[in-house]
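The residues making up each chain are set out below.
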Amino acid sequence: MAERTIVTLGDTLAALVEGKKYTTLRDILVTMNAVDVAAVFEDMPQDKLPLLFRLLPKDVAADVFTYLEDSEDQEKIINALSDKELREVLDELYLDDTVDIIEDMPANMVSRILRNTDASTRSQINQLLKYPEDSAGSIMTTEFIYLHPNATVEESFA
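Each chain carries its own residue numbering, running from 1 in the written order of its sequence. Local features in this predicted model are restricted to residues of pLDDT 70 or higher, and side-chain atom pairs are both shown and tallied only at a pLDDT of 80 or more, whereas totals for entire chains, interfaces and linings draw on every residue. Note: side-chain values were computed over all heavy atoms of the structure, leaving out hydrogens and water.

1. Here we look at the layout of surface pockets
And then number 1: Buried and open spaces are told apart on a 1 Å grid over the protein atoms alone, a cavity being a set of points where a 1.4 Å probe fits but cannot get out and a pocket being an open set with protein on both sides within 12 Å along at least five of seven lines. Residues with an atom within 4 Å of a point are the lining residues. Grid points are joined across faces, edges and corners, and a volume is the space filled by probe spheres set on the points. If you add up the space inside the largest pocket, you get close to 220 Å³.
And then number 2: Along the walls of the largest pocket sit Thr66, Tyr67, Leu68, Glu69, Ser71, Gln74, Asp97, Asp100, Ile101 and Asp104, which together make up its complete lining.
And then number 3: Each helix corresponds to a stretch of at least 4 residues labelled H or I by DSSP, and each strand to a stretch of at least 2 residues labelled E; elements are numbered beginning at the N terminus. Elements with a contribution of two residues or more to the lining of the largest pocket: helix H5 (58-67), helix H6 (71-80) and helix H8 (95-103).
And then number 4: Of the residues forming the lining of the largest pocket, the biggest block, three residues, is contributed by H8.
And then number 5: Under this grouping Gly is polar, as are all residues other than the nonpolar Ala, Val, Leu, Ile, Met, Phe, Trp, Tyr, Cys and Pro and the charged Asp, Glu, Lys and Arg. Among the residues forming the lining of the largest pocket, the class breakdown is three nonpolar, three polar and four charged.
And then number 6: Put simply, the second largest pocket is a space of about 170 Å³.
And then number 7: Lining the second largest pocket are 14 residues; nearest its centre among them are Leu90, Asp91, Thr117, Asp118 and Thr121.

Rendered as structure tokens:
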């Protein structure tokens, strides 16, 4: 009887990385949920994370970044990104997600992240950091959308 080999998605993606099949890899990653991509990233060698991260569109990359469980993976990615790339990722994150990331980072990473945000964002981040961990203030976001009470749905979407 022939023995069956079970190939997981992680194995397939790892083989694509090793084979330098980046276009195929990107095509697969962009169809996946950000949580699933983060889970796959967790199983990849850390030296491959920056490469994989750069394959993702910026908005997807930001979502994946927030779902990475291991702050060492996040650090590895931050270290590999240029200031411009880091700024682009930070611009896609909600402030509360940025604060959550900062809370787990060493001082040099926090400094780099804050250096790559504008003064207004930096002020809001510092405001959220003042709240005790796991308090309502620490998990809230200060970002909101104001809609005029008389606006139609179409106008609101626009």
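2. Side note on the nonpolar core
And then number 1: Among the nonpolar cores identified, the biggest contains 41 residues, and Leu29 and Phe41 are the most heavily contacted of them.
And then number 2: Beyond its immediate sequence surroundings of up to four residues, leucine 29 is in contact with Leu13, Val37, Phe41, Leu52 and Leu56. To define a nonpolar core, start from buried Ala, Val, Leu, Ile, Met, Phe, Trp, Tyr and Cys residues and group those joined through side-chain atoms within 4.5 Å. When accessible area is computed with a 1.4 Å probe and restricted to protein chains, residues below 20% of their type maximum are described as buried, those above 50% as exposed, and intermediate ones as partly exposed. Every residue pair with non-hydrogen atoms within 4.5 Å of one another is taken to be in contact.

3. Brief notes about the packing of aromatic side chains
And then number 1: In this scheme Phe, Tyr and Trp rings, the latter by its six-membered ring, pair at centre separations within 6.5 Å, and the angle between planes marks the pair as stacked below 30 degrees, edge-to-face above 60, and tilted otherwise. As enumerated under the stated definition, the model contains one aromatic pair in all.
And then number 2: Aromatic side chains phenylalanine 53 and phenylalanine 65 sit 5.9 Å apart centroid to centroid with 65° between the ring planes, which places their arrangement in the edge-to-face category. You can see phenylalanine 53 sitting in helix H4 (residues 49-55) and its partner phenylalanine 65 sitting in helix H5, a full twelve residues away along the chain. Taken as a pair, phenylalanine 53 and phenylalanine 65 share a single burial class, namely buried.

4. Overview of the environment of leucine 147
And then number 1: For leucine 147, the location among the structural elements is in the loop between helix H11 (136-139) and helix H12 (153-157).
And then number 2: Here leucine 147 falls in the partly exposed class, since its relative accessible area comes to 45%.
And then number 3: Along the primary structure leucine 147 and phenylalanine 157 are separated by ten residues, whereas in three dimensions their C-alpha atoms are 9.6 Å apart.

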